[in-house]
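Spelled out from the first residue to the last, the chains are:
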Amino acid sequence: MDRLFVKLKRLKSHLKWWNQDVFGNIFDKISEAETAVKLAESACETDPTDLHWTRLSKCNEDLAKVTAMEADFLETKICLNPSVLSCSDFSDLIPLISESENRHLTAEPSSEEHDVLDAVLDFFHGSPMPQDFTATTITLIPKVEGAHSWTDFCPISLCNVTNKIISKLIYSHMSKVVEKIISMNQSGFVPGRLISDNILLAQELIHSFNLPSPRGNVIIKLDMAKAYDRVQLPFLLQILNKLGFRIQLLP
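Definitions and limits used
Residues numbered from 1 in each chain as written. Predicted model: local features only at pLDDT ≥ 70, side-chain atom pairs only at ≥ 80, totals over all residues. Heavy atoms only, no water. Helix = DSSP H or I, 4+ residues; strand = E, 2+ residues; numbered from the N terminus. Buried < 20%, exposed > 50% of the residue type's maximum accessible area, 1.4 Å probe, protein only. Contact = heavy atoms within 4.5 Å. Areas by Shrake-Rupley, 256 points an atom, 1.4 Å probe, with all protein chains shown as cover. Core = buried A, V, L, I, M, F, W, Y, C linked by side-chain atoms within 4.5 Å. Phe/Tyr/Trp six-rings, centres within 6.5 Å; stacked < 30°, edge-to-face > 60°. pLDDT = per-residue confidence, 0-100. Salt bridge = Lys/Arg side-chain N within 4 Å of Asp/Glu carboxyl O.

Draft legend 1. Region of the structure containing the overall build of the protein chain. What the protein chain contains, in helices and strands, is ten helices and two strands. Going from the N terminus to the C terminus, the protein chain shows its helices and strands as α-α-α-α-α-α-β-β-α-α-α-α. Looking at the protein chain residue by residue over its 251 residues, the buried ones come to 22%. Taking the contacts inside the protein chain whose residues are at least 6 apart along the sequence as the reference set, 59% of them involve residues at least 24 apart. Accessible surface computed for the protein chain: about 18,800 Å², of which carbon and sulfur atoms make up 60%.

Here's what the structure looks like:
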């Protein structure tokens, strides 16, 4: 794993240079925008023509955009370090994962890529991954042209390739037991279940909504968007441990 770590660390320095050269630095852009505003203000004081006032307005708009992007960037970095959630009352939960299923989940993968293979095998033998392996880079992808506010961007998490390989292997192993730990109400993203089942069920319920009822009918729509942003890691770890997952599988 050390050999692969050195290679990826060398690649990281080159990618940093490439990012700065191609996309630039948001803090440098703010400095440039502030300088442009000062020059535009000086021009308006010297020669207050419509052209100079228009240029000043444009410079102020550009400065507002990059300042908003900086605020969103800093807000995203803060969100990556949530407070620890203390939740230890799982007395009602019983282990669902058997020892044979745990052995399957921790089974060794096979590959012909030696450096990556050694790193992956080290992890499945119990070695912790270096912090750079588990670190992610948050990139904002604009949803619309001329995006300048947080809602105009879609955050994408860029993960280390080794972390992605190990995560994919764990997911492949967990697909055999996932239906045991996820409620039947969750019909999407589980092998053997179709999200369309819930859609059809909702259509049937709405279709019969106007049928006579002694107490009337009511529909409640719950917005569960971005639930993954509201579930913290300590809570998930305690749930998985209580369900019977071996500690080796947990980060």
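Picking up after the structure, the text goes on.
Draft legend 2. Representation of the nonpolar core. Formed by Met 1, Leu 4, Leu 8, Ala 119, Val 120, Phe 123, Phe 124, Met 129, Phe 133, Ile 166 and Ile 170, the largest nonpolar core amounts to eleven residues. Among the elements of the structure, helix 1 (2-22), helix 5 (114-124) and helix 7 (161-174) are those that each provide at least two residues to this core. Considering every element that reaches this core, the biggest residue donor is helix 5, with four residues. Ignoring any residue separated from it by four or fewer positions in sequence, one finds Ile 170 in contact with Phe 123 and Phe 124.

Draft legend 3. Representation of the packing of aromatic side chains in the model. A complete count under the given rule lists one aromatic pair for this structure. When the ring of Phe 123 is compared with that of Phe 124, the centres are 5.4 Å apart and the planes differ by 90°; the resulting orientation is edge-to-face. Looking at Phe 123, the relative accessible area reads 18%, which means it is buried.

Draft legend 4. The confidence of the model for the protein chain, seen in detail. Summary statistics for the protein chain give a mean pLDDT of 78 and a share of 84% for residues scoring 70 or more. Within the protein chain, no element has a lower average pLDDT than helix 1, which sits at 77, and none a higher one than helix 2 (residues 26-46), at 86. Contacts from residues 83-87, a stretch scored under 50 in pLDDT, to residues over four places away or in other chains number nine contacts.

Draft legend 5. Region of interest: the pattern of salt bridges. Scanning all chains against the criterion turns up two salt bridges. With its nearest N and O atoms 3.0 Å apart, the salt bridge here joins Asp 62 to Lys 58. Taken as a pair, Asp 62 and Lys 58 lie in helix 3 (residues 50-79) at a separation of four residues, close to a single helical turn. Judged by relative accessible area, which is 45%, Lys 58 ranks as partly exposed. The salt bridge partner of Glu 101 is Lys 180, with a shortest N-O separation of 3.1 Å. Linking Glu 101 in helix 4 (residues 99-105) with Lys 180 in helix 8 (residues 178-181), this pair joins segments that are 79 residues apart in sequence.

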